[in-house]
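Structure assessment
Take a look at the letters that make up each chain.
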Amino acid sequence: MESYKHSCPFCGQHIEYTVEYCGKQLVCPSCGKTVTFPAIPPGRGPSSHTTRVKALDARRAAARPAPGWLRNAPKALGFLRDFQHWNVVGQCAVPFLIIGVLLVGAAFVKKKFSDAPAPTLVPAVHADPEAWQKMADLTKADQAVRELMKEVKADHAMVVAAEQARQQVSQANATLKMSAEEQLHQAQNTLTDAHKRLDVALEKYRALGGTVDYRSQMSNF
């Protein structure tokens, strides 16, 4: 039976093997390390049939449509980019990251010095049990502020339209002028009420730790 030679990647020892050991592992008799023999013996390349099968698999993979999660990736990335409360998420995640790093370090030390293991003390890291609830409340408050901002802008547009209508009938009869005045007064009251509800929502948002300056965005309304 034809035999082949393979050099140990750790010590360089030449190991003789037959085709029966292709792709298998064996302990190097020189250094004791595990050596993996080549799956294909030297001088024997893959057959033409195997090449054709691999080429056909590659064409099928290229023609296969992208999975749903990959098509939705741009939308998900856009949401993550616009999310404005990563600071709260970071406060929740930091304790768990610290614990994970300490555990990985302890495992590495134990593996490296397994002959003389030493006890590793992991300092206690306490995560805020209310952090996730705070983040949920902050997200809800942020959504409420955004909705009220849209409402204030719409009410402001109604006031502008009512004011323009009042000016257009300023020379008309008393009935039309009174109707225009009433519409303008009603639109102004609606806008004032929306401003009050927005102020309450903004106070709640800031109390929960919100940092976006929404009030400056509403300076023209």
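To be clear, the structure that these remarks concern was listed above.
This text gives an overview of the structure that appears in the document. Small disclaimer: the values here were computed from a predicted structure and weren't measured. (Residues numbered from 1 in each chain as written. Predicted model: local features only at pLDDT ≥ 70, side-chain atom pairs only at ≥ 80, totals over all residues. Heavy atoms only, no water.)

When helices and strands are counted, the protein chain shows 7 helices and 4 strands. Secondary structure elements of the protein chain occur, N-terminal to C-terminal, as β-β-β-β-α-α-α-α-α-α-α. Across the 221 residues in the protein chain, those meeting the buried criterion constitute 19%. Across the protein chain, contacts joining residues at least 24 apart in sequence account for 48% of those joining residues at least 6 apart. A total accessible area of about 16500 Å² is found for the protein chain, and carbon and sulfur atoms account for 60% of it. (Helix = DSSP H or I, 4+ residues; strand = E, 2+ residues; numbered from the N terminus. Buried < 20%, exposed > 50% of the residue type's maximum accessible area, 1.4 Å probe, protein only. Contact = heavy atoms within 4.5 Å. Areas by Shrake-Rupley, 256 points an atom, 1.4 Å probe, with all protein chains shown as cover.)

Applying the stated criterion across every chain yields a total of 1 aromatic pair. On the basis of an interplanar angle of 55° and a centroid distance of 5.5 Å, the ring pair of tyrosine 205 and tyrosine 214 is categorised as tilted. (Phe/Tyr/Trp six-rings, centres within 6.5 Å; stacked < 30°, edge-to-face > 60°.)

It is worth spelling out the packing of helix 5 (residues 131-168) against helix 6 (residues 174-207) at this point. Axes are the key here: two packed helices are described by the angle between their axes and the distance separating the axes. At their nearest, the axes of helix 5 and helix 6 sit 8 Å apart, and the two run at 160° to each other. Taken together, the axes of helix 5 and helix 6 are roughly antiparallel relative to one another. Here the hand of the crossing between helix 5 and helix 6 comes out left-handed. When its residues are assigned to classes, the contact of helix 5 with helix 6 shows 19 nonpolar, 5 polar and 7 charged. (Axes fitted to C-alpha atoms, helices over the stretch in contact; angles between N-to-C directions. Parallel < 35°, antiparallel > 145°, perpendicular 65-115°, else oblique. Left-handed = near helix turned anticlockwise from the far one by under 90°. Nonpolar A, V, L, I, M, F, W, Y, C, P; charged D, E, K, R; others polar.)

For the rest of this paragraph, the subject is helix 6. Taking 1.5 Å per residue as the helical rise, helix 6 with its 34 residues ought to reach 50 Å, and the 50 Å between its terminal C-alpha atoms agrees with that figure. The elements touched by buried residues of helix 6 are helix 5 and helix 7 (214-217). After helix 6 finishes, the residue glycine 209 shows a positive phi value of roughly 105°. (Expected span 1.5 Å × (residues − 1).)

Turning next to the pairing of strand 2 (residues 14-18). Note: strand 1 (residues 3-7) against strand 2, 5 bridges, orientation antiparallel. The residue of strand 2 that forms the bridge with lysine 5 is glutamate 16. Once strand 1 ends, the chain turns through 6 residues before running back antiparallel as strand 2, passing glycine 12 with a positive phi of about 85°. (Pairing = 2+ DSSP bridges.)

What follows covers helix 5. Note on helix geometry: an α-helix contains 3.6 residues per turn, so any two residues three or four positions apart are oriented the same way. Helix length check: helix 5, at 38 residues, gives a terminal C-alpha distance of 56 Å against a target of 56 Å (1.5 Å per residue), a fit within 8%. Turning to helix 5, its buried residues are Ala131, Met135, Leu138, Ala141, Asp142, Val145, Leu148, Met149, Val152, Asp155, Val159 and Ala162.

Across all of its chains, the model carries 0 disulfides by this definition. Here cysteine 28 stays free of any disulfide, with the sulfur of cysteine 11 as its closest cysteine sulfur at 3.7 Å. Just so you know, cysteine 31 is unpaired, no disulfide at all, and the nearest cysteine sulfur is the one on cysteine 8, 3.7 Å from it. (Disulfide = S-S within 2.5 Å.)

Using the criterion set out here, one finds 7 salt bridges in the structure. Here aspartate 142 makes a salt bridge to arginine 146, at a shortest N to O gap of 2.9 Å. Within this pair, aspartate 142 and its partner arginine 146 are both found in helix 5, separated by 4 residues, close to a single helical turn. A relative accessible area of 7% places aspartate 142 in the buried class. The residue arginine 166 makes a salt bridge to glutamate 181 at a minimum N-O spacing of 3.4 Å. Of this pair, arginine 166 sits in helix 5 while glutamate 181 sits in helix 6, and the two are 15 residues apart along the sequence. One network of salt bridges, in which partners are shared, links Glu151, Asp193 and Arg197. (Salt bridge = Lys/Arg side-chain N within 4 Å of Asp/Glu carboxyl O.)

Mapped onto the elements, alanine 144 comes out in helix 5. Judged by its relative accessible area of 34%, alanine 144 falls in the partly exposed class. Sequence separation between alanine 144 and leucine 198 is 54 residues, and the spatial gap between their C-alpha atoms is 8.6 Å.

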